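Descriptive structure summary
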Amino acid sequence: MFVALERLLNLEEGYRRTFQVQGRELLLLVVEGRRLLLENSCPHRGAPLHTAAVNGRVLRCARHGIEFDLSSGRALNASCGNLVQLPLSYDGDRVGIDL
Ligand code: FES
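Residues numbered from 1 in each chain as written. Predicted model: local features only at pLDDT ≥ 70, side-chain atom pairs only at ≥ 80, totals over all residues. Heavy atoms only, no water.

1. Here's the deal with the overall build of the protein
Helices and strands together make up the secondary structure of the protein, namely 0 helices and 10 strands. The secondary structure elements of the protein, listed N-terminal to C-terminal, are β-β-β-β-β-β-β-β-β-β. In terms of overall size, the protein behaves like a compact globule, its C-alpha atoms giving a radius of gyration of 13 Å where 99 residues would be expected to give roughly 13 Å. Overall, the C-alpha framework of the protein stretches about 40 × 30 × 20 Å when taken along its three principal axes. Considering only contacts in the protein between residues 6 or more positions apart, those separated by 24 or more positions represent 39%. Looking at the protein as shown, the accessible area adds up to about 5,500 Å², and 44% of this sits on carbon and sulfur atoms. Distance between charge centres in the protein, computed from 12 positive and 11 negative side chains, equals 5 Å. (Helix = DSSP H or I, 4+ residues; strand = E, 2+ residues; numbered from the N terminus. Rg over C-alpha atoms; globule rule 2.2 N^0.38 Å. Contact = heavy atoms within 4.5 Å. Areas by Shrake-Rupley, 256 points an atom, 1.4 Å probe, with all protein chains shown as cover. Lys, Arg positive; Asp, Glu negative; His and termini not counted. Charge placed at Lys NZ, Arg CZ, Asp CG, Glu CD.)

This is how it looks when you write it as structure tokens:
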């Protein structure tokens, strides 16, 4: 089942918005032209990531400052789990997620 999240024309560079989908909070981002859908929860201690700083391909969690590579999801300056990235799906002029 496709769940639409956003219209494609709204996905400009720097886009950032959270969505609730079946009890999960998701974060849709556009970084360097790439669309990313992440769980809005830091793998370190669960802080929401929608307030994180993004610099190039690096996301820095606002709570304790751990940095994550948005390409691999890996932490760069600490040992903890990886960002949870979800695949995006497309239907007409919408982007979303297949459940
Ligand atoms: S909760 Fe994100 S760095 Fe600790």
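From this point, the narrative continues.
2. Brief notes about the side chain of Ser 89
Position of Ser 89 relative to the elements: it lies in strand 9 (residues 89-91). Ser 89 sits in the buried class, given a relative accessible area of 14%. For Ser 89, the side chain forms a polar contact with the side chain of Asp 98, separated by 2.7 Å. Apart from residues lying up to four places away in sequence, Ser 89 is in contact with Phe 2, Arg 94, Val 95, Gly 96, Ile 97 and Asp 98. (Buried < 20%, exposed > 50% of the residue type's maximum accessible area, 1.4 Å probe, protein only. Polar contact = N/O pair within 3.5 Å; in protein donor to acceptor, adjacent residues only side chain to side chain.)

3. Looking at the sheet that holds strand 2 (residues 16-21)
Ordered in space as 2-3-4-8, the 4 strands form an open sheet in which the pairing is antiparallel. Each of the sheet's edge strands pairs with one partner strand only, and the pair in question is strand 2 and strand 8 (85-86). Bridge analysis of strand 2 against strand 3 (residues 24-31) gives 6 bridges, and the strand direction is antiparallel. Among the inter-strand pairings, Arg 16 is bridged to a residue of strand 3, identified as Leu 29. (Pairing = 2+ DSSP bridges.)

4. Comments concerning the nonpolar core
In terms of nonpolar packing, the biggest core is built from 16 residues, with Leu 29, Leu 49, Leu 59, Phe 68 and Leu 70 touching the most fellow members. Those elements that provide at least two residues to this core are strand 3 and strand 4 (34-39). If one sorts the elements of this core by residue count, strand 3 sits on top with 3 residues. In contact with Leu 70, other than residues within four places in its own chain, are Val 31, Arg 34, Leu 36, Leu 38, Val 54, Gly 56, Arg 57, Val 58, Leu 59, Leu 83 and Gln 85. Counting residues in each nonpolar core, the second largest holds 13 residues, with Leu 11, Val 21, Leu 86 and Leu 88 among its members. (Core = buried A, V, L, I, M, F, W, Y, C linked by side-chain atoms within 4.5 Å.)

5. Some words on the sheet that holds strand 9
Here 3 strands make up an open sheet; going across it, the order is 1-10-9 and the pairing antiparallel. Edge positions in the sheet fall to strand 1 (2-7) and strand 9, since each has one partner strand and no second. Taken over all neighbouring pairs, the strand axes of this sheet differ in orientation by 40 degrees on average, direction set aside. Sheet analysis places strand 9 next to strand 10 (residues 94-98), joined by 3 bridges and oriented antiparallel. (Axes fitted to C-alpha atoms, helices over the stretch in contact; angles between N-to-C directions.)

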